[in-house]
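A look at the structure
Below are the chains, spelled out letter by letter.
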Amino acid sequence: MARAMAEYGLSLQQLADLPKHAQKAFPHQPSYTLYSLNDVYNRALKVHGSGKAMHEKRRMLIDMRHKLSDSERMRLRMRVEAQNQTTRGADRVVVIAFTLNLCDTIGKFTAAYLTGSKSLFAEAIHSTMDTVNQLILLTGIRFSQRNPDLNFPYGYGNVRYVSSLITGCGILSFGCGLSMYHGISGLLHGGALEPLTYAYYALFMSLLFQGSSVITAFREARRKAAAARISLVNYVRTTADPSLNVVLLEDSAAVTGVAIALSAVSLSSIFQSSIPDCCGSILIGCLLGTVASFIIRTNAAHLVGRSLPKRITDDIVCRLENDPMIRSVHDVKATALGVEQSRFKAELDFDGRAITNKYITESCYIQAMIQA
């Protein structure tokens, strides 16, 4: 429809009564309307009066298109609405997680100071890193929504992978490192525990905060995985939405860490020893290191240029090879450019005879040429 209006100078009303053909690029996508080239050509002849007038009209449109600036051409290719729709869910999840983790951090540090618990201190560090990381993720999401420009023609979508990578490095260095250091230091030097009543209050409140956050992230990830028609595990593993995945992994680790800290504090209270508490701090550090390693590895792979899944590439190649105008497909490369954006490159060997036959069949009037 857009091509008929742009190249032949026709309006939507002039195309309204032409026969329409619905076609889908993919089975799960909505269909779009196509018109027969022959019908559009005949309608353009009727509207413009003659073939010469129609060609003049087409030439004017083509000249006007060439006069567009580079920035205007770039804006024509942008899909800002789709991009904003993509980031809206992750944006909301990160804001909720940031608010809950900020409250959780204050409570844990207060309880750790009052009780001297190593596990609780490790969890306080964990919550602090989560809060800072979610602020970094939120900044990355907002920055990734910037429109493409001449310097970055594919947009700023990869900024979300950069912010997620920074988040993973922060968890590994500060969260994992400080938690393990604090636990090992407690084992070597010992220390008496204060009454742990405040620790229980803080941990139960933390479980409430982190549980709410992880449920929100889980629902959003499950919704997006269902929309992409893949399992939740594959959605997280392929880092389809890095910001959302980081929140989901961090909060899942936080809930697990709270359970570890609660168990360690309870054992320390029962046995009147700081050893279980210190071991809990070390376990929390190992947990954070595992999550951080996964985040770093997956986001680094996307930044380097991970290829699309083979099933998607094969599907595109199969559709190209089934086109009668294409003889063969060579040198296929398909990589992910950012969140829900991909680039596909291939060398196509076109069938000149098939193209010529189609052109003669649909665009040329043999009888008129013979009579002329």
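Conventions and cut-offs
- Residues numbered from 1 in each chain as written.
- Predicted model: local features only at pLDDT ≥ 70, side-chain atom pairs only at ≥ 80, totals over all residues.
- Heavy atoms only, no water.
- Helix = DSSP H or I, 4+ residues; strand = E, 2+ residues; numbered from the N terminus.
- Contact = heavy atoms within 4.5 Å.
- Areas by Shrake-Rupley, 256 points an atom, 1.4 Å probe, with all protein chains shown as cover.
- Expected span 1.5 Å × (residues − 1).
- Buried < 20%, exposed > 50% of the residue type's maximum accessible area, 1.4 Å probe, protein only.
- Core = buried A, V, L, I, M, F, W, Y, C linked by side-chain atoms within 4.5 Å.
- Axes fitted to C-alpha atoms, helices over the stretch in contact; angles between N-to-C directions.
- Parallel < 35°, antiparallel > 145°, perpendicular 65-115°, else oblique.
- Phe/Tyr/Trp six-rings, centres within 6.5 Å; stacked < 30°, edge-to-face > 60°.
- Lys NZ or Arg CZ within 6 Å of the ring centre and 35° of its normal.
- Nonpolar A, V, L, I, M, F, W, Y, C, P; charged D, E, K, R; others polar.
- Salt bridge = Lys/Arg side-chain N within 4 Å of Asp/Glu carboxyl O.
- Patch = residues over 30% accessible without salt bridge, like charges linked within 9 Å, V, L, I, M, F, W, Y side chains within 5 Å.
- pLDDT = per-residue confidence, 0-100.

Attention shifts here to the overall build of the protein. Looking only at helices and strands, one finds 15 helices and 4 strands in the protein. Long-range contacts, defined as pairs at least 24 residues apart, comprise 71% of the intrachain contacts of the protein with a sequence gap of at least 6. Carbon and sulfur atoms form 62% of the exposed surface of the protein, whose accessible area is close to 20,900 Å².

What follows concerns helix α12 (residues 275-304). The end-to-end C-alpha separation of α12 is 43 Å, in line with the 44 Å expected for 30 residues at 1.5 Å each. A positive backbone phi angle near 120° is found at Gly 305, which sits one or two residues after α12.

Next up on the list: unusual backbone geometry. A positive phi angle, close to 55°, is found at Gln 272, a residue other than glycine. With respect to the secondary-structure elements, Gln 272 resides in the loop between α11 (242-271) and α12. Take Gln 272: its relative accessible area is 69%, and that puts it in the exposed class.

Next up on the list: the nonpolar core. Within the largest apolar cluster, 35 residues are counted, with the highest numbers of intra-cluster contacts made by Val 94, Leu 120, Leu 203, Ala 217, Leu 244, Val 247 and Leu 248. Among the secondary structure elements, those contributing two or more residues to this core are α6 (80-115), α7 (118-144), α8 (159-189), α9 (197-228), α10 (232-237), α11 and α12. Among the elements that take part in this core, α11 stands out by supplying 9 residues, more than any other. Counting residues in each nonpolar core, the second largest holds 6 residues, with Leu 10, Leu 18, Tyr 35 and Val 40 among its members.

With their axes 10 Å apart at the nearest point, α7 and α11 run at an angle of 170° to one another. Regarding the angle of α7 to α11, the classification is roughly antiparallel. Mapping the contact onto sequence places Ser 119, Glu 123, His 126, Asp 130, Asn 133, Gln 134, Leu 137 and Ile 141 in α7 and Ser 243, Val 246, Val 247, Glu 250, Asp 251, Ala 253, Ala 254, Gly 257, Val 258, Ala 261 and Ala 264 in α11.

Okay, the environment of Ala 122 next. Tracing the backbone shows Ala 122 in helix α7. C-alpha separation for the pair Ala 122 and Met 180, spaced 58 residues apart in sequence, amounts to 8.1 Å. Excluding residues that lie within four positions of it along the chain, Ala 122 makes contacts with Ser 179, Ser 281 and Ile 284.

The tally for this structure, following the rule as stated, stands at 3 aromatic pairs. Considering the side-chain rings of Phe 152 and Tyr 156, the 4.8 Å spacing of their centres and the 40° angle between planes classify their relative orientation as tilted. Take Tyr 156: its relative accessible area is 8%, and that puts it in the buried class. Clustering of aromatic rings is evident, with ring pairs tying together Phe 143, Phe 152 and Tyr 156. Just above the ring of Tyr 156 sits the side chain of Arg 146; from NZ or CZ to the centre is 4.8 Å.

This part takes up the packing of α7 against α12. Relative orientation and spacing of two packed helices are given, respectively, by the angle between their axes and the distance between those axes. At a minimum axis separation of 7 Å, α7 and α12 run at an interaxial angle of 25°. Comparing the axis directions of α7 and α12 gives the class roughly parallel. Contacts from Lys 118, Ser 119, Leu 120, Ala 122, Glu 123 and His 126 in α7 reach Pro 276, Asp 277, Cys 278, Gly 280, Ser 281, Ile 284 and Leu 288 in α12. Within the contact of α7 with α12, the residues separate by chemical class into 6 nonpolar, 4 polar and 3 charged.

Here the focus is the pattern of salt bridges. Going through the model one piece at a time under the given rule, you end up with 9 salt bridges. For Asp 351, the salt bridge identified is with Arg 327, shortest N-O distance 3.5 Å. Of this pair, Asp 351 sits in the loop between β4 (341-350) and α14 (352-363) while Arg 327 sits in strand β3 (residues 326-338); the two residues are 24 residues apart in sequence, bridging distant segments of the chain. Taking the relative accessible area as the measure of exposure, Arg 327 reaches 53% and is therefore exposed. Here Lys 345 makes a salt bridge to Asp 331, at a shortest N to O gap of 2.4 Å.

Turning our eyes to something else, we now look at a nonpolar patch on the surface. Nonpolar side chains collect at one region of the surface, where Tyr 113, Leu 114, Tyr 198 and Tyr 201 lie side by side and expose about 540 Å² of accessible area between them. For the nonpolar patch, the secondary structure elements donating two or more residues are α6 and α9. Summarising the element assignment, Tyr 201 is placed in helix α9.

Looking now at the confidence of the model for the protein. Summarising the model, the protein shows a mean pLDDT of 76, and 78% of its residues fall at 70 or more. Across the protein, the secondary-structure element scoring lowest on mean pLDDT is helix α5 (residues 70-77), at 41, and the one scoring highest is α12, at 87. Segment residues 59-85 is flagged for pLDDT under 50; beyond a separation of four residues in sequence, or across chains, it makes 25 contacts in the model.

Considering the arrangement of structural elements, one finds Asn 101 in helix α6. If we ignore the near neighbours within four places in the chain, the residues touching Asn 101 are Ser 127, Asp 130, Thr 131, Gln 134, Gln 210 and Asp 251.

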